[in-house]
Every structure is written in C-alpha cells, then in structure tokens.
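The chain contents come next:
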Amino acid sequence: MSDVRQVGTRAELLSLPRGAAAGGPVALVPTMGALHEGHAALIRAAREATHGPVVVSVFVNPLQFAPGEDLDRYPRTLDADLEVCAGAGADVVFTPSVAEMYPDGVSTGATDAVSVDAGPLGTILEGASRPTHFRGVLTVVAKLFGLVRPDLAFFGEKDYQQLVLIEQMARELCLGVDVCGVETVRDADGLARSSRNQYLSDEERTVALALSRALSAARERAAYGVPSARWAAMKVLTGEPGLDLDYLALRSEDLTVDLSEEPDLPTTTGRVLVAARVGNTRLIDNMPIEFTTRGGA
Ligand code: PAF
C-alpha cells in the first residue's frame, strides 16, 4: 500500500513535482468519492501508465446536480476512499471544499458564470433527462485539469457519454490532456459498479440486474442487425415491472449516429446504452456492440 498525501487547496497542488522532477507524466483520476472497485481500476490503470504522480480528486460537484437530485444524500466516505486510493497506488488525493473549487459561489444559471457548454452531444441520452448535468461535469473537469495540470486523465466507460464528451472537450479546447477510458467493472452477476448502487435495497438490486441482462441480450442478437438487437433488449426491460425505463439506445461509438434510425449505415461497431429508474435510484449502463450484418430483424 502506497503512502497517500491528502491536499485540500489550490496552493498545495502547486507543490506537485513537474517535468523531470515528477519522474513521469502526471495522471489524474477525477472522482466524486464513495470509491469502489471501478474507481480502484481507474487508479490502477493510471499507476500502470506512469512513474509520475497519480492524483485522485474526490469532490462531490454541486454544479452537475439539478435541484431535486441526490446531491445531499450522495455518499461521502472519505476515510474509506483514502484507503482505496492508497491500495490502488495513488500518490496524492485532492479533496477541495466547494469554496475552493467555486470561490465565486456555485452558479446554477447558464449565463452568470463562465462554464463549458457540452454542445449538441450533451443534449441527448443523459442530457435529455438532465439538461444541466454535462455543463456541470465539463466545467468541473476543466477546472480540475487547470488545477492539477495532468498529462493523462482516466475516466470509466460506465459513464460512456461523459467519457465521449470529456474526450471531445480535451480535443476541441486543446487542453493537452490525454483522456483514457477504462472498461466498466461489474459484480459477478453483471451489475455495473456504481456509487449509487448503495441506494438499492436487495429487491431493487435484483430488478437492476435487468439492465446488464438487456445489454447482453442486444449483443447476442447483434448479428441479426439493429432492430433484432433492440427487440431482444426491450424484451428483457419490459419484462421487469419494477423498472421504469428512460431510454435504450443503439448508437455509433462516437454517439453521433442513432443506429436505430440509420440501420443500413456501414458501421459495424457501436454502443448500446440504457438508463432506468429502480425505486428512487436512476441507473445507467452500456456495452460495446458489434454488428456483423445490418438491416432487418
Ligand atoms: O464521474 C464522476 O464521478 C464525475 O462526473 C466526475 C467526472 C468526477 C466530475 O465530477
């Protein structure tokens, strides 16, 4: 287990070694805490990628929660988080206060503070249900990039749309950060690891398994084309009465093309994505999908 240094201020971050003194590229793993095996996999991936400092940020970002969402009940488990960071090989854990990240206050209006607009890709899928979410995510990630000045940053594929948008932001705003995606970690029964799984009762957790089952069913039928894959996933989802479906989507890997509307495009790889509410908990999941033939069911 490595020794982890906890820092809470911008000033303390300035003492991070840089360049030759750092011994390798600086890697950042942004998180909101409540760390689980999925986060540990991100930290390990960062550790494997560099001999330089691995920084984990733990910050529950108010800007990405809309009023009425779970900002207040989001799990905060700092002592356990520090242990996960140490066990996975992090060097520094950045735990800023809200005032440290937003010295001018947290603005929820779109016009009264500088923020990063997620563009059209931020309005589909998660953005359709959570219209201010990606503005909050991209703004805090841009700030973290500015504060930590990483060469590499690691994000989970579990939040696939978030990953695609952060890659786009880093590329289009020339931030000089190499954004790296890490495969989703699942429990043995298929449930994608998420800090929000803690909200689920045993019964709800069983219902939630329909998400990964539906995605797997779509992948199994992919050889028969997009409509068959979609039908197979919907059969699983509609067969689970405890689940309130938000969307099931089949999209190109960059999320720009809705494959259900363009089933004859010559694309062979894509992503199948799902969001649903189980009780009071909104869950998302996705998997890569490969189509060997296209068109009719
Ligand atoms: O994925 C998350 O935990 C958050 O959205 C992130 C990227 C840390 C920004 O707050």
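Before any of the text, the structure's been laid out above.
Residues numbered from 1 in each chain as written. Predicted model: local features only at pLDDT ≥ 70, side-chain atom pairs only at ≥ 80, totals over all residues. Heavy atoms only, no water.

Visitor: Explain the site of the ligand here, please?
Guide: Contacts to the ligand come from P30, T31, M32, N61, Q64, V137, V140, F155, D159 and Q162. In this structure, Q64 approaches the ligand through a side-chain N or O atom, which is 2.6 Å from an oxygen atom. Residue Q162 places a side-chain N or O atom 2.7 Å away from an oxygen atom belonging to the ligand. Look at the ligand: alone it shows 290 Å² of surface, and the protein chains cover 89% of it. Within the residue set of the shell around the ligand, elements represented by two or more residues are β2 (27-31) and α6 (133-148). Looking at the shell around the ligand, its residues break down into five nonpolar, four polar and one charged. (Near = heavy atom within 4 Å. Polar contact = N/O pair within 3.5 Å; in protein donor to acceptor, adjacent residues only side chain to side chain. Areas by Shrake-Rupley, 256 points an atom, 1.4 Å probe, with all protein chains shown as cover. Helix = DSSP H or I, 4+ residues; strand = E, 2+ residues; numbered from the N terminus. Nonpolar A, V, L, I, M, F, W, Y, C, P; charged D, E, K, R; others polar.)

Visitor: I tried to follow empty space enclosed by the protein on my own but got confused; where do I start?
Guide: If a probe as big as a water molecule is rolled over the atoms, it shows which places are left empty. Within the structure shown, the criterion is met by one cavity of 30 Å³ or more. There is about 60 Å³ of room inside the largest cavity. Lining the largest cavity, in full, are K158, L191, A192, S194, N197, A208, L211, L283, I284 and D285. Broken down by secondary-structure element, the contributors of at least two residues to the lining of the largest cavity are α8 (202-221) and β9 (281-290). When residues in the lining of the largest cavity are grouped by element, the largest group, three residues, is from β9. Looking at the lining of the largest cavity, its residues break down into six nonpolar, two polar and two charged. (1 Å grid on protein atoms, 1.4 Å probe; cavity = no way out; pocket = protein on both sides within 12 Å on 5 of 7 lines; lining within 4 Å. Points joined across faces, edges and corners; volume = space filled by probe spheres on them.)

Just geometry here; none of it tells us what the structure is for.
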